[in-house]
Amino acid sequence: MTGAGVGDDEAAEDALAAGWRAAARDRRVWAILAVVAFLLVCCCSTAAGTLLALSAGLFTAG
């Protein structure tokens, strides 16, 4: 191989990085991430609360 494709890889990485930078500046992306994070926290806290209630009920019943 003569290394002819090395510049192509670097150009593709630069284009990908520019795409990520553009997405990070977009407020809609941050809004979607905030909603997903909120739902994840709510679901995890609900599941943890349910497990805690179930375990407390099992310990007091026994």
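This structure is a prediction, so every number in the text was calculated from the model and none was measured.

Visitor: So what about the state of the cysteines? Which residues, and what values?
Guide: In the structure shown here, the tally under the stated rule is zero disulfides. We note that C42 lacks a disulfide partner, and the nearest cysteine sulfur, in C43, lies 6.9 Å from it. Judged by relative accessible area, which is 29%, C42 ranks as partly exposed. A relative accessible area of 53% means that C43 is categorised as exposed.

Visitor: Give me a nonpolar patch on the surface: which residues, what numbers.
Guide: Taken together, the side chains of V29, W30 and L33 present a nonpolar region at the surface, about 290 Å² in accessible area. Counting through the fold element by element, L33 comes out in helix α2 (residues 27-61). Accessibility expressed as a relative area gives 46% for L33, which makes it partly exposed.

Visitor: Go over the pattern of salt bridges with me, naming the residues and quoting the values.
Guide: Evaluation of the coordinates by the stated rule reveals one salt bridge. A salt bridge links R28 to D26; its shortest N-O distance comes to 3.0 Å.

Cut-off values and rules
- Residues numbered from 1 in each chain as written.
- Predicted model: local features only at pLDDT ≥ 70, side-chain atom pairs only at ≥ 80, totals over all residues.
- Heavy atoms only, no water.
- Disulfide = S-S within 2.5 Å.
- Buried < 20%, exposed > 50% of the residue type's maximum accessible area, 1.4 Å probe, protein only.
- Patch = residues over 30% accessible without salt bridge, like charges linked within 9 Å, V, L, I, M, F, W, Y side chains within 5 Å.
- Areas by Shrake-Rupley, 256 points an atom, 1.4 Å probe, with all protein chains shown as cover.
- Salt bridge = Lys/Arg side-chain N within 4 Å of Asp/Glu carboxyl O.
- Helix = DSSP H or I, 4+ residues; strand = E, 2+ residues; numbered from the N terminus.

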